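Here's the letter readout for the chains.
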Amino acid sequence: MFTIDTTNSEITTGADGAGVDVIFYSGTSGDNLTWDASEEKLTITGTDGQVALAVADGNVTIADDLDVDGTTNLDAVDIDGSITQDAGAVIFNEAGADFDFRVEGSGQANALFVQGSDGFVGIGTNSVDEMLHLESATALNPVLKIENTTAHSSNLTNHGILEFKSTDIDGTIPDDNVAGEIRWLSHDKDSSDSYAEFEACRIQGVNKDAGNQLGDIRFWTNRGSGLVKAMTVGNN
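The paragraphs below set out a description of the structure included in this document. Predicted, not measured: the structure shown is a model, and the values here were computed from it.

**Remarks on the pattern of salt bridges**
Evaluated as defined, the whole model comprises six salt bridges. Residues Glu147 and Lys145 are paired through a salt bridge, measuring 3.3 Å at the closest nitrogen-oxygen approach. Residues Glu147 and Lys145 agree in their burial class; the two are exposed. Across the pair Glu181 and Arg183 runs a salt bridge whose closest N-O atoms are separated by 2.4 Å. Bridged by salt links that share partners, the residues Asp176, Asp216 and Arg218 form one connected network.

Laid out in structure tokens, this is it:
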């Protein structure tokens, strides 16, 4: 049954509870828009690579789930609810363009920031000048915490580790090679001097004799005219 109601400006087919299938054919063989009454489903069959549904203006509201089997190209996304990823890899900026990635937290505009120009990561800052940059305006912060919660045993393996690694690429590690170091810096914001002028102290792990796997720990302090080696914990 097909009805045209000019009074209410309606076109209907079938009846409430007794619908019928409707097919609209296009000018291309095999392409159509089909309403399946028994499945309560609208299917658009178009030509691969061509636009099958275009919303020229206005919004689209989906009350339930949206399943996408192919690739979704979105110019901008604003999601008010949660996002759940059950399987597959998640890649941001696969083309490697200079686009930043930023995650906000409660009261923190830059809880996590990835700088597109070089891949440097910031926590608490979007002005990142090292591979990993932590920044806070709160007293006694930022804190880097490394914790192992496994029950302790006598084998002394249940602990966190901060590891510095120096990798040799030509098969010869030179003696006195610094494998890693920790620096303490202070900086006066009203001064134009560089950070190096205010380096207070430094600890270095040194390959004293690489061939015999001997190492030193060296402590440096600033006595006003630059860093001076204050103490060495030797390998013997």
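**Describing a nonpolar patch on the surface**
On the surface, Phe24, Leu33, Trp35, Leu42, Ile44, Leu53, Val55, Val60, Ile62, Leu66 and Val68 cluster together to form a nonpolar patch covering roughly 1,100 Å² of accessible area. Secondary structure elements with two or more residues in the nonpolar patch: β4 (32-36) and β5 (41-45). The residue Val60 is located in the loop between β5 and β6 (101-105) in this model. Assessed through its relative accessible area of 60%, Val60 is described here as exposed.

**Quick look at the sheet that holds β5**
The strands making up a sheet are joined through hydrogen bonds of the backbone, oriented either antiparallel or parallel. Spatial ordering of the open sheet is given by β3-β4-β5, a layout of three strands whose pairing is antiparallel. This sheet does not close on itself; its edge strands, each paired only once, are β3 (22-25) and β5. Ignoring which end each strand starts from, the neighbouring axes of this sheet average 10° apart. Judged from the five bridges that link them, β4 and β5 form a sheet pairing that is antiparallel. Note on β5: the bridge partner recorded for Asp36 is Lys41.

**Considerations on the pairing of β3**
The pairing of β3 with β4 spans four bridges and is antiparallel. When the bridges of β4 are listed, Tyr25 appears paired with Asn32. The antiparallel hairpin formed by β3 and β4 contains six residues in its connecting segment, where Gly30 sits at a positive phi of about 90°.

**A look at the side chain of His133**
The residue His133 is located in strand β9 (residues 132-134) in this model. Side-chain polar atoms of His133 contact the backbone oxygen of Ser127, separated by 3.5 Å. Beyond its immediate sequence surroundings of up to four residues, His133 is in contact with Val121, Gly122, Ile123, Thr125, Ser127 and Val128.

**Regarding the layout of surface pockets**
Approximately 1,200 Å³ is the volume attributed to the largest pocket. The wall of the largest pocket is formed by 21 residues, among which Leu132, His133, Leu134, Arg183 and Leu185 lie closest to the centre. Those elements giving two or more residues to the lining of the largest pocket turn out to be β9 and β10 (177-185). For the lining of the largest pocket, the element with the highest residue contribution is β10, accounting for five residues. When grouped by side-chain class, the residues that make up the lining of the largest pocket number ten nonpolar, five polar and six charged. Along its surface, the second largest pocket is lined by 16 residues, and Ile62, Leu66, Val68, Thr72 and Leu74 are the ones closest to its centre. The class makeup of the residues in the lining of the second largest pocket is eight nonpolar, five polar and three charged.

Rules of the game
- Residues numbered from 1 in each chain as written.
- Predicted model: local features only at pLDDT ≥ 70, side-chain atom pairs only at ≥ 80, totals over all residues.
- Heavy atoms only, no water.
- Salt bridge = Lys/Arg side-chain N within 4 Å of Asp/Glu carboxyl O.
- Buried < 20%, exposed > 50% of the residue type's maximum accessible area, 1.4 Å probe, protein only.
- Patch = residues over 30% accessible without salt bridge, like charges linked within 9 Å, V, L, I, M, F, W, Y side chains within 5 Å.
- Areas by Shrake-Rupley, 256 points an atom, 1.4 Å probe, with all protein chains shown as cover.
- Helix = DSSP H or I, 4+ residues; strand = E, 2+ residues; numbered from the N terminus.
- Pairing = 2+ DSSP bridges.
- Axes fitted to C-alpha atoms, helices over the stretch in contact; angles between N-to-C directions.
- Polar contact = N/O pair within 3.5 Å; in protein donor to acceptor, adjacent residues only side chain to side chain.
- Contact = heavy atoms within 4.5 Å.
- 1 Å grid on protein atoms, 1.4 Å probe; cavity = no way out; pocket = protein on both sides within 12 Å on 5 of 7 lines; lining within 4 Å.
- Points joined across faces, edges and corners; volume = space filled by probe spheres on them.
- Nonpolar A, V, L, I, M, F, W, Y, C, P; charged D, E, K, R; others polar.

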